[in-house]
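# Notes for the structure review
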Amino acid sequence: MKVENAVSQAIEICLRIFGIWPNISCVLLRRLFWIVTLVLQQAFQYRYIIMHFHLFEFDEMTKILSAALAYTILLAKLVIFWYKQRKFNTILTMMAADWGERSNTKFSMSVMTCNAKLSRRFANITVILYVANVTLFSSKILVKHADDDIASNVSTRLLIQEMDLPFDVNRRFVYESVIIVQFLHLQLCGYIVGILNVLLINLILHISGQIDILRKSVTEIFPKEGKCSPSRSVVKEIIKKHQKVIIFSEHIEDLYSYIALVVFVSDTLMICFLGFTIVASIGQPNASEIIINNLVFYLVMNIEAFVFCFAGEYLSAKSKSIGDDAYDSLWYKSNSRDSRIILLLIMRSQNQLTITIGKIMNLSLEQFSSIQKASASYMSVLFAMY
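Fair warning: this is a prediction, and the values are worked out from it, not measured in the lab.

## Focus: the overall build of the protein chain
- In terms of regular secondary structure, the protein chain is built from 11 helices and two strands.
- For the protein chain, the sequential pattern of α-helices and β-strands runs α-α-α-α-α-α-α-α-α-α-β-β-α.
- Every one of the 386 residues in the protein chain was classed for burial, and the buried ones make up 51%.
- In the protein chain, of all internal contacts separated by at least 6 residues, the share reaching a separation of at least 24 is 77%.
- Working note: accessible area of the protein chain is about 19000 Å², and carbon and sulfur atoms make up 64% of it.

Structure representation (structure tokens):
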């Protein structure tokens, strides 16, 4: 399966590391490794929360809980992707087939190449954003470690992710080893979270290119000027192309529907917790440190929610444009057989392609505003309790 052009190298490398890419070696060992590490990570985090629950201030509790929740969400996304592995393989096969046919026309080659470059730019920007997020989130360790060296105090050393580990982490080399492992693990986890979002954009851009090629074909066989006498084989190819677009969209919907549900629920809670932590820190002596550690994390959660909602909105708008272009052409001047076929294409395009949130509601920009409203409402409740 050759998909070098369809999927960027950054996405492929990350999916190989996490055992999602098809036909890789030791796939069960890769998945088992990440299941074990993520389960242990969460076990130690939630154990720390339970053991120190009575010592936390309310704003500190929301900050630690949101960090632990991020790993739970990642594990849920990976399990869904592993479960839908066959569906993902089918999507890659269809993308490879589309790239194999891209040389049919100059327009199709131009559209698909442009979308592939745009997808790679999104991947690079996302990787940079998540690396910056992890680096800033880990900056508290550098500051605290410097203060501990000045005060010669090692009993209050912090970890990047607060955990209740079954051994003494205050010993010098043990502490440095734990910090390095946490930092690398957090970087990889942030990498896969960003890449799964970029993969959705990659798939949406690909189907968008296929829709543009389909629209171009419709306008060419029924031009607004000249004779309308398309061959029956050309009309059949258009119908087949439209059917492939619908099937590809259904595969994306099946792959990302429950991931969107996890994102919709979790991002609402995490935006609420992080927003509360940032606002509650204003006026405190270490306010700048807390804001720096959490601001990029807060922005990343909002961007993730926006990416999913925008992808659903963009797909719906693109699918509607197929029927609009077909209707604007001179299909009614063709013979009755061809015009009936185009009428069916127009009618089918009225059922807009979309991505749902757990088969419950459609992803749209309206749902993104709902996430913001819900987060603000929950935040006001937290302030009332605070």
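That was the structure; now back to the text.
## Overview of the packing of helix α2 (residues 27-51) against helix α7 (residues 172-221)
- Interhelical geometry of α2 versus α7 gives an angle of 115 degrees and a closest axis separation of 13 Å. By the angle between their directions, the pair α2 and α7 is classed as roughly perpendicular. Here α2 runs over α7; the crossing is left-handed. In this structure, α2 contributes W34, T37, L38 and Q41 to the contact, and α7 contributes H185, L188 and C189.
- Looking at the contact of α2 with α7 residue by residue, the classes come out as four nonpolar, three polar and no charged.

## Comments concerning α2
- Relative to the 36 Å expected for 25 residues at 1.5 Å per residue, α2 spans 36 Å between its end C-alpha atoms, a close match to the ideal helical length.
- Turning to α2, its buried residues number three or more, namely R31, W34, T37, L38, Q41, Q42, Q45, Y48 and I49.

## Things to note about the packing of aromatic side chains
- Considering all chains together, one arrives at eight aromatic pairs under this definition.
- Measuring from ring centre to ring centre gives 5.8 Å for F306 and F310, while their planes differ by 20 degrees; the resulting arrangement is stacked. Taken as a pair, F306 and F310 lie in helix α9 (residues 287-328) at a separation of four residues, close to a single helical turn.
- With relative accessibility at 35%, the residue F310 sits in the partly exposed group.
- An aromatic cluster is defined as three or more aromatic residues linked by ring pairs; in this entry it consists of F81, F88, Y256 and F308.

## Comments concerning the UniProt feature "transmembrane region" (unreviewed entry) in the protein chain
- UniProt's entry tags residues 20-44, 64-83, 122-143, 179-205, 258-283 and 295-315 with the feature "transmembrane region" (unreviewed entry), counted in the numbering of this structure.
- Split by type, residues 20-44 is 72% helix and 0% strand. Its first and last C-alpha atoms lie 26 Å apart.
- Structurally, residues 64-83 comprises 100% helix and 0% strand, and the distance from its first C-alpha atom to its last is 29 Å.

## Points about the nonpolar core
- Judged by nonpolar contacts, the single largest core of 95 residues is most densely connected at L15, I20, F81, I192, L203 and Y256.
- Beyond its immediate chain neighbours, meaning those up to four positions away, F81 contacts I20, F88, L196, L199, L255, Y256 and I259.

## Some thoughts on a nonpolar patch on the surface
- A surface patch of nonpolar side chains, amounting to about 370 Å² of accessible area, comprises L29, L32, V36 and L40.
- Note on placement: V36 falls in helix α2.

## Considering the side chain of S319
- Turning to its location among the elements, S319 is positioned in helix α9.
- When sequence neighbours within four positions are dropped, the list of residues in contact with S319 reads I211, S349, Q352 and L353.

## Some words on the environment of L158
- Along the chain, L158 turns up in the loop between α6 (139-151) and α7.
- Residues L158 and Y175 lie 17 residues apart in sequence; the distance between their C-alpha atoms is 9.3 Å.

## Section: the environment of P22
- Here P22 shows up in the loop between α1 (9-17) and α2.
- Under the relative-accessibility criterion, P22 is labelled buried at 7%.

## Some words on the packing of helix α5 (residues 106-137) against α9
- Between α5 and α9, the shortest axis-to-axis distance is 8 Å and the interhelical angle comes to 150 degrees. In terms of their interaxial angle, α5 and α9 are classed as roughly antiparallel. Note that α5 runs across α9; the crossing there is left-handed. Mapping the contact onto sequence places L129, Y130, N133, L136 and F137 in α5 and I292, N293, V296, F297, V300, I303 and E304 in α9.
- Looking at the contact of α5 with α9, its residues break down into nine nonpolar, two polar and one charged.

## Section: the side chain of Q367
- Note that Q367 resides in helix α11 (residues 365-385).
- Discounting residues that sit within four places of it in the chain, Q367 has contacts with F264, C309, I357, M361 and N362.

## Quick look at α11
- Between its first and last C-alpha atoms α11 spans 31 Å; for 21 residues at 1.5 Å apiece the expected length is 30 Å, and the two agree.
- Every buried residue of α11 is accounted for by Q367, F368, I371, S375, M379 and L382. Projection of α11 onto a plane perpendicular to its axis shows the buried side chains occupying an angular sector of 120 degrees, all on one side. Residues of α11 that are exposed and point over 90 degrees away from its buried face: E366, K373 and A384.

## Some words on the confidence of the model for the protein chain
- Per-residue confidence for the protein chain averages 81 on the pLDDT scale, and 87% of its residues sit at or above 70.
- Within the model, pLDDT remains below 50 along residues 149-154, and this stretch shows two contacts once partners closer than five positions in the same chain are excluded.

## So, the pattern of salt bridges
- Scanning all chains against the criterion turns up nine salt bridges.
- Taking the shortest distance from any N to any O, the salt bridge between D98 and K244 comes out at 3.3 Å. In this pair, D98 sits in helix α4 (residues 85-100) while K244 sits in helix α8 (residues 232-281), placing the two residues 146 residues apart along the sequence.
- With relative accessibility at 30%, the residue K244 sits in the partly exposed group.
- Close ionic contact of K318 with D212 constitutes a salt bridge, the shortest N to O distance being 2.6 Å. Linking K318 in helix α9 with D212 in helix α7, this pair joins segments that are 106 residues apart in sequence. Of the two residues, K318 and D212, neither departs from the other in class, the shared state being buried.

Procedures and definitions
Residues numbered from 1 in each chain as written. Predicted model: local features only at pLDDT ≥ 70, side-chain atom pairs only at ≥ 80, totals over all residues. Heavy atoms only, no water. Helix = DSSP H or I, 4+ residues; strand = E, 2+ residues; numbered from the N terminus. Buried < 20%, exposed > 50% of the residue type's maximum accessible area, 1.4 Å probe, protein only. Contact = heavy atoms within 4.5 Å. Areas by Shrake-Rupley, 256 points an atom, 1.4 Å probe, with all protein chains shown as cover. Axes fitted to C-alpha atoms, helices over the stretch in contact; angles between N-to-C directions. Parallel < 35°, antiparallel > 145°, perpendicular 65-115°, else oblique. Left-handed = near helix turned anticlockwise from the far one by under 90°. Nonpolar A, V, L, I, M, F, W, Y, C, P; charged D, E, K, R; others polar. Expected span 1.5 Å × (residues − 1). Phe/Tyr/Trp six-rings, centres within 6.5 Å; stacked < 30°, edge-to-face > 60°. UniProt positions renumbered as here; feature names shortened; annotations may be inferred. Core = buried A, V, L, I, M, F, W, Y, C linked by side-chain atoms within 4.5 Å. Patch = residues over 30% accessible without salt bridge, like charges linked within 9 Å, V, L, I, M, F, W, Y side chains within 5 Å. Salt bridge = Lys/Arg side-chain N within 4 Å of Asp/Glu carboxyl O. Arc of directions from axis to C-beta. pLDDT = per-residue confidence, 0-100.

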